Amino acid sequence: MPDRTPTMTLAQVYHELRAAGIKSSPQRIAAGIESGAFPFGEVSFVGDSGRRSFLIWRVDFEAWLESKLPKNHQPQ
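Rules of the game
- Residues numbered from 1 in each chain as written.
- Predicted model: local features only at pLDDT ≥ 70, side-chain atom pairs only at ≥ 80, totals over all residues.
- Heavy atoms only, no water.
- Salt bridge = Lys/Arg side-chain N within 4 Å of Asp/Glu carboxyl O.
- Helix = DSSP H or I, 4+ residues; strand = E, 2+ residues; numbered from the N terminus.
- Buried < 20%, exposed > 50% of the residue type's maximum accessible area, 1.4 Å probe, protein only.
- pLDDT = per-residue confidence, 0-100.
- Axes fitted to C-alpha atoms, helices over the stretch in contact; angles between N-to-C directions.
- Parallel < 35°, antiparallel > 145°, perpendicular 65-115°, else oblique.
- Contact = heavy atoms within 4.5 Å.
- Nonpolar A, V, L, I, M, F, W, Y, C, P; charged D, E, K, R; others polar.
- Pairing = 2+ DSSP bridges.

## Observations regarding the pattern of salt bridges
Next, step 1: Inspection of every chain in the model, using the stated rule, returns one salt bridge.
Next, step 2: Residues Glu34 and Arg52 are paired through a salt bridge, measuring 2.7 Å at the closest nitrogen-oxygen approach. You can see Glu34 sitting in helix 2 (residues 26-35) and its partner Arg52 sitting in strand 3 (residues 52-57), a full 18 residues away along the chain.
Next, step 3: What makes Glu34 partly exposed here is its relative accessible area of 45%.
Next, step 4: Assessed through its relative accessible area of 31%, Arg52 is described here as partly exposed.

## A short note on the confidence of the model for the protein chain
Next, step 1: Here the protein chain averages 90 in pLDDT, and 91% of its residues register 70 or above.
Next, step 2: No element of the protein chain has a lower mean pLDDT than strand 2 (residues 41-46), which averages 90, and none a higher one than strand 1 (residues 7-8), which averages 97.

## A closer look at the packing of helix 1 (residues 10-19) against helix 2
Next, step 1: Axis separation between helix 1 and helix 2 bottoms out at 9 Å; the angle between their running directions is 110°. As the angle between them shows, helix 1 and helix 2 are arranged roughly perpendicular. Packed against helix 1, whose contacting residues are Leu10, Val13, Tyr14 and Leu17, the element helix 2 presents Pro26, Ile29, Ala30 and Ile33 at the interface.
Next, step 2: The class makeup of the residues in the contact of helix 1 with helix 2 is eight nonpolar, no polar and no charged.

## Remarks on the sheet that holds strand 3
Next, step 1: Overall, antiparallel pairing links the three strands, which are arranged 1-3-2 in an open sheet. Here the strands that pair on one side only, and so sit at the sheet edges, are strand 1 and strand 2.
Next, step 2: Here strand 2 runs beside strand 3; their pairing, made up of five bridges, is antiparallel. When the bridges of strand 3 are listed, Val46 appears paired with Arg52.
Next, step 3: Sheet strands in contact with helix 3 (residues 58-68) are strand 1 and strand 3, and its direction is about 70° off that of strand 3.

Here it is as structure tokens:
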């Protein structure tokens, strides 16, 4: 059964992108969220060490992903 929590981790986003046939990496996703290129998440905390935390809303990610895929796209 798929996870239906309201938020996602970078790893979950990465796996969803891979399943849709989109090559990426957790580092690229993190950089995209931080730069604003990926509008489905936000940097929610930067610690003293520089480590970032992200808040990624599942509904925003799913809407973004759907907007990027062709209408007849079949998950892999």
